[in-house]
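Summary of structural features
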Amino acid sequence: MRHLIDWHLLPDEVWEGRIEAALRAASGPRMHPVAAGRAIALVFFNSSLRTRTSMEVAAVRLGAHATPVTPGQGTWGFAWQDGVVMGGSEAEHIHEAVGVLSRYYDAIGVRLFASLTDREADRDETKLHRFVRAADVPVVNLESAFWHPCQALADAATITERFGGNPAGKKFVLTWAHHPKALPQAVPNSALLAAARLGMQVTIARPEGYQLDPSVMAHAHAYAAARGTTIEETDDQAAACDGADIVYAKSWAGALAYEVPDAEDALRKSLVHWRVTPDRMASTREGAFMHCLPVRRNVVVDDAVLDSPAAIHLRQAEYRLYAQQAILTWMWDLPDAGR
Amino acid sequence: MRHLIDWHLLPDEVWEGRIEAALRAASGPRMHPVAAGRAIALVFFNSSLRTRTSMEVAAVRLGAHATPVTPGQGTWGFAWQDGVVMGGSEAEHIHEAVGVLSRYYDAIGVRLFASLTDREADRDETKLHRFVRAADVPVVNLESAFWHPCQALADAATITERFGGNPAGKKFVLTWAHHPKALPQAVPNSALLAAARLGMQVTIARPEGYQLDPSVMAHAHAYAAARGTTIEETDDQAAACDGADIVYAKSWAGALAYEVPDAEDALRKSLVHWRVTPDRMASTREGAFMHCLPVRRNVVVDDAVLDSPAAIHLRQAEYRLYAQQAILTWMWDLPDAGR
Amino acid sequence: MRHLIDWHLLPDEVWEGRIEAALRAASGPRMHPVAAGRAIALVFFNSSLRTRTSMEVAAVRLGAHATPVTPGQGTWGFAWQDGVVMGGSEAEHIHEAVGVLSRYYDAIGVRLFASLTDREADRDETKLHRFVRAADVPVVNLESAFWHPCQALADAATITERFGGNPAGKKFVLTWAHHPKALPQAVPNSALLAAARLGMQVTIARPEGYQLDPSVMAHAHAYAAARGTTIEETDDQAAACDGADIVYAKSWAGALAYEVPDAEDALRKSLVHWRVTPDRMASTREGAFMHCLPVRRNVVVDDAVLDSPAAIHLRQAEYRLYAQQAILTWMWDLPDAGR
C-alpha cells in the first residue's frame with residue numbers, strides 16, 4: 001500500500017518521479033480525470049487553509065472527491081491508546097474511526113501537528129503510526145509532528161522550476177526566524193531534506209538552542225554525502241545569506257520548548273533581529289525568498305521582501321496543488337498528467 | 001413524495017427491495033451515476049462521522065452532490081414552534097430554512113437526536129415532523145429521536161449477507177451495555193425492528209429499568225406474530241448470548257432518564273458488568289458481534305471481541321454506504337446499481 | 001477581470017443581461033456543465049445558509065466545484081492592514097491568503113458584513129477592496145458592508161418574473177421593520193437600487209432616524225431621473241403600502257448605531273409597530289410580499305402574511321440559485337443556459 005508518511009522512507013526514483021509529475025501538472029490541462037469516482041477523506045486535527053483547499057482542488061482536477069473531516073467539529077473526539085477503557089470524553093477509538101473511513105474512501109489524508117510536549121512521541125510519530133495502522137487504504141501525511149511531505153514536494157518542484165531543472169550545487173539557506181509562538185519542526189525538517197536531496201549546498205542559519213533534531217540532521221548529512229555536497233550550520237544569518245540562491249525562512253521551537261517552555265519562549269522573543277530584511281536579500285546571488293505560509297509579515301520577513309520580485313512564496317504555494325495531484329496519482333497508481 | 005422517516009411506515013416490498021439493492025450495491029461498480037446533477041443537503045443538528053461521510057460518498061457514486069449543513073456552525077439557529085414571536089436568539093424559522101433548501105436540493109437529510117427530556121416530543125418525533133412538513137422534496141431521517149432507518153437498512157443487509165440471504169430463524173440478541181452517558185434509543189429501536197422484520201428469533205437482554213418503549217415493542221411483536229417468531233426479554237445477558245447467531249450491543253438510557261436523570265445515571269453506572277466479553281461470545285453459535293459505532297472499547301465491549309474475527313462492525317459500517325445508495329435511488333425513483 | 005463588487009459599478013447591459021440569464025436559468029435544464037473543472041472558493045467571514053448552499057449548487061449545475069472556507073473555523077485568523085507587524089493573534093495576512101486561493105480557484109466569493117462601528121470603513125468597503133486587491137481571479141461579493149449584488153440580481157429577476165417581464169412603473173415599497181438587533185444596510189441598499197434600475201416607482205417607508213445612506217440615495221435618484229420615475233420617502237408605513245405592487249420588508253440599523261449604539265437600540269425597540277400585517281397587505285394592489293431571509297416571524301412580518309399566497313419570499317430565495325448561475329457564467333465568460 002502506497003502510504004506517504006515521508007519521502008525519506010521512499011526511494012529516490014519515487015521522489016524524483018513525483019517532482020517531474022508535479023512540474024508536468026503545472027503546465028498540464030486543468031482536468032485530468034483519471035480518478036473519476038474515487039474519494040479521499042482529509043482528517044484535520046489542526047487548522048489548514050492551503051492544504052485543505054489545494055488537496056480538494058487536486059482531487060477535483062483528477063475527477064475525484066475530497067471530504068474534509070475536522071474531529072471535534074461536528075464529529076466525536078477520538079481515543080488513541082491501545083487497551084484504553086473508554087469511560088471518558090472520547091466516544092470513538094481511532095481504530096474504528098479510521099477503519100470506517102477506509103471502507104468509504106480510497107485514501108485518507110491526516111494532519112497531526114507536533115505536541116511540543118512529548119519529544120519521543122513527536123520524533124516517533126506515534127499518533128500518525130497508530131492512524132496508519134488502522135487504515136486499509138493509502139494514507140497521506142498532511143503534516144505530522146516531524147514531516148510535511150506535501151510541502152517538501154511542492155518546495156522541490158518550485159526550486160527545480162526556479163533553476164531550469166538544475167538545482168544541484170545552488171546555495172540553499174534555511175534560516176530560522178523570530179515568531180511570537182513556538183512552532184513545530186515539520187516544515188524545516190522537510191525543507192532541509194528536500195534541498196539536500198536535490199543536491200543543493202545547504203546552510204542552516206539558526207541561533208544557539210535552535211538546532212534541528214539530530215535524527216533529521218543525520219538524514220540530511222547522508223543525502224549530502226551521497227551527492228558530494230555539504231550541510232553547514234551557523235548562527236550568523238547575514239553571513240549565511242551571502243551568495244544564497246534561495247533564502248527559505250521558517251520559525252521553529254528550540255529544544256528547550258520540551259523541557260522548559262517558558263525559557264524557550266523568553267529566548268525566542270529576544271531574537272527579534274532574526275528577520276529577513278532587504279539587506280539580507282541584497283547580499284544574495286539574486287536569490288529567491290521562500291516560505292511555506294502562513295507567514296507573519298514584518299516579524300519573519302519584511303514587507304519589502306515579500307512584495308518584491310524575489311519572493312516566490314505564492315508560486316511555492318501554487319505548487320502545493322500540482323504536487324498533490326502527483327501524490328494522488330502515485331498513491332492510486334494512476335497515470336500522471338502530461339505523459 | 002418518498003420521505004424516509006422510518007421503515008415501519010413503509011410496506012414490506014419497499015423494505016425488502018432496499019435490502020436487495022444494498023446487497024447489489026456492495027458488489028456493484030464504484031460509479032453508478034444515475035443521479036447526475038442532483039444534490040442533497042445533509043442537515044446535522046447533532047454530530048456525525050459515518051452518516052455524513054457515507055452519505056457524501058453515496059451521492060458521489062450516484063453522480064450527485066451532498067452538502068453538509070451544521071446549524072449554528074456558520075449558519076443561524078432555527079425557531080421551531082408555530083406562531084412564535086421571533087424576538088430571541090433564533091434568526092430563522094425552520095419553515096423558511098427547509099423551504100429554501102427544498103428549492104436548491106433534490107432531497108434533504110436531517111439528524112435530530114432525542115431530547116431525553118421530553119418523552120412525548122421524542123416519541124412523537126415532533127421536530128422531525130415539523131421539518132418534513134416544511135419540505136417540498138423527499139426527506140431522509142439521518143437519526144431522529146426514535147428511529148435510524150439508514151442504520152436499520154445497513155444492519156439488515158449486513159445480517160442478510162452474513163447468513164447467505166437466509167437470516168430467518170437465526171437468533172438475534174440485542175444486548176444493552178454499560179456506558180458513561182445516557183444515550184437515545186433510536187438505534188436499539190431500529191435494530192430490534194430490523195431483526196424482527198427479517199424473521200429472526202429475537203432476545204432483548206437488558207437490566208430492569210431499561211425496557212424499550214412500549215410503542216416500539218408493539219411493532220416488534222406485530223412483526224414477530226406475522227412471521228411466527230418470538231421477541232423475548234431477559235435481564236440475564238449470559239443466558240441471552242447462549243446460542244446466539246448475532247450479538248448486537250448498544251447502550252441506551254433507561255426510562256428514569258426522563259423523570260429523574262440523576263437516578264438513571266447512578267443506576268446505569270452501577271451496571272458495569274453489562275459488557276460483551278470473550279466469555280459471552282464463547283457461548284454463542286459462532287455468533288457475530290455487531291455495533292452501530294461509535295463504540296467505547298472496554299466499556300461496551302472488550303478489545304478481545306472487537307479485534308476478533310467475530311466482530312463484523314466494520315463491515316456493518318461499510319454497509320451504511322451501500323444502504324444509502326439504495327435509499328437515494330429509491331427516494332429519487334432511479335434505477336438501482338447492478339440491475 | 002470581471003469582479004462583482006456591486007451592480008452600480010457595471011453598465012446597464014451587464015445588469016440587464018444577467019436578469020435575462022437568471023430568468024432563463026430558472027426554466028433551463030438542471031445541468032449546464034460549461035464550467036467543468038473550474039472551482040470557486042467561498043470565504044465566509046459571517047454566517048450563511050442561502051448564499052453558501054445556493055452558490056454550491058449553482059457551481060454543481062455548471063459542472064464546477066465550490067469550497068466553503070470559514071476563517072477561524074479550522075483556518076487561521078487574518079491580518080488586514082498594510083504594513084502591520086504581525087506579532088499578535090492573526091497568523092496570516094489577507095494578501096497571502098487571497099493570493100494563494102487565487103492560485104487554486106478560478107473565482108473567489110467573499111462575505112464581509114458591515115462593522116456597524118466604523119461608518120467610513122463600511123461606506124468605503126475598505127476590507128472588501130483589500131480582499132479584491134489581493135486576488136488574481138474574479139471576486140464576487142457575497143454581501144459586504146453596503147452591497148449584496150447576488151441578492152439584488154435575485155430580487156430583480158423575481159420581480160421581473162412577477163410582472164411578466166414588465167416591472168417598470170409598478171409601485172415598489174421598501175419598508176423598514178422592527179428587529180431585536182441592529183442589522184447592516186447591504187440588503188436595503190441593494191433592493192432599492194435594483195427596483196430603481198428596473199424603472200419602478202419606489203417608496204421607502206422608514207421611521208425618522210432610519211434614512212439610508214446619502215451616497216446610496218444619490219445612486220437611486222440618478223437611476224430614477226434617468227427613467228422618469230421617483231424615489232419617495234415617508235415615515236408612514238400604512239400610507240406607503242397603499243396601492244403597492246411589491247412590499248419588500250427589511251430591518252436595518254439607524255444612523256445612531258455608529259455614534260450612540262444604545263440610543264439606536266432603544267429607539268429601534270420602541271418601533272414594534274413597524275411590522276407587515278395582513279392589514280398592510282390588504283391595502284396593496286394585490287401586492288406581493290418579499291424578504292431576503294432569514295426573516296423573524298411575527299416581528300418583521302406576521303405569519304398570516306408569510307403563509308399567504310402574497311408571500312413570494314421562497315421564490316425569491318430560489319432565484320438566488322439562478323442568479324448565481326448567471327453571475328458565474330458572466331464572471332468566467334461562459335455561455336449562459338438556454339441560449
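It should be emphasised that the depicted structure is a prediction, and the values quoted were computed from it without experimental measurement. (Residues numbered from 1 in each chain as written. Chains lettered and ligands numbered in written order. Predicted model: local features only at pLDDT ≥ 70, side-chain atom pairs only at ≥ 80, totals over all residues. Heavy atoms only, no water.)

On to the overall build of chain A, then. In terms of regular secondary structure, chain A is built from 14 helices and 11 strands. Its C-alpha atoms give chain A a radius of gyration of 20 Å, near enough to 20 Å, the size a compact globule of 339 residues would have. Dimensions of chain A, computed from the C-alpha atoms along their principal axes, are close to 55 × 50 × 35 Å. Within chain A, the fraction of its 339 residues that count as buried is 65%. Considering only intrachain contacts with a sequence separation of at least 6, the fraction spanning at least 24 residues in chain A is 81%. (Helix = DSSP H or I, 4+ residues; strand = E, 2+ residues; numbered from the N terminus. Rg over C-alpha atoms; globule rule 2.2 N^0.38 Å. Buried < 20%, exposed > 50% of the residue type's maximum accessible area, 1.4 Å probe, protein only. Contact = heavy atoms within 4.5 Å.)

Take the interface of chain C and chain B next. Taken together, the contacts link 32 residues of chain C with 35 residues of chain B. For the pair chain C and chain B, the summed buried area comes to about 2800 Å², and 56% of that belongs to carbon and sulfur atoms. Summed over the shared surface of chain C and chain B, the result is four salt bridges. Between Glu-318 of chain C and Arg-103 of chain B there is a salt bridge, and its shortest N-O distance comes to 2.9 Å. Counting the contacts that link chain C with chain B gives 15 residue pairs in polar contact (both at pLDDT 80 or more). (Buried area = accessible area lost by both parts, 1.4 Å probe. Salt bridge = Lys/Arg side-chain N within 4 Å of Asp/Glu carboxyl O. Polar contact = N/O pair within 3.5 Å; in protein donor to acceptor, adjacent residues only side chain to side chain.)

This brings us to the sheet that holds strand 9 (residues 231–234) of chain B. Strands in a sheet are paired, the pairing made by backbone hydrogen bonds, and the direction either parallel or antiparallel. Residue and element names in this part refer to chain B. Reading across from one edge, 9-8-7-10-11 is the order of the five strands in this open sheet, with parallel pairing throughout. The open sheet has two edge strands with one neighbour each: strand 9 and strand 11 (288–290). The average undirected angle you get between the axes of adjacent strands in this sheet is 20°. (Pairing = 2+ DSSP bridges. Axes fitted to C-alpha atoms, helices over the stretch in contact; angles between N-to-C directions.)

This paragraph deals with the pattern of salt bridges. Taken as a whole and judged by the stated rule, the model has 81 salt bridges over all chains. The salt bridge involving Glu-259 of chain B is made with Arg-119 of chain B; its shortest N-O contact spans 2.4 Å. Residue Glu-259 of chain B is located in helix 10 (residues 256–259), and its partner Arg-119 of chain B is located in helix 4 (residues 119–124); the two are separated by 140 residues in the primary sequence. The partly exposed category is assigned to Arg-119 of chain B, whose relative accessible area is 22%. Arg-268 of chain B is the partner of Glu-264 of chain B in a salt bridge, and the nearest nitrogen-oxygen pair spans 2.9 Å. Residue Glu-264 of chain B and its partner Arg-268 of chain B are both found in helix 11 (residues 261–269); the two are separated by four residues, about one turn of the helix. A relative accessible area of 1% places Glu-264 of chain B in the buried class. Its relative accessible area of 1% is what places Arg-268 of chain B among the buried residues. Several salt bridges share partner residues, and in doing so they unite Arg-103 and Asp-136 of chain A together with Glu-161, Arg-315 and Glu-318 of chain B into one network.

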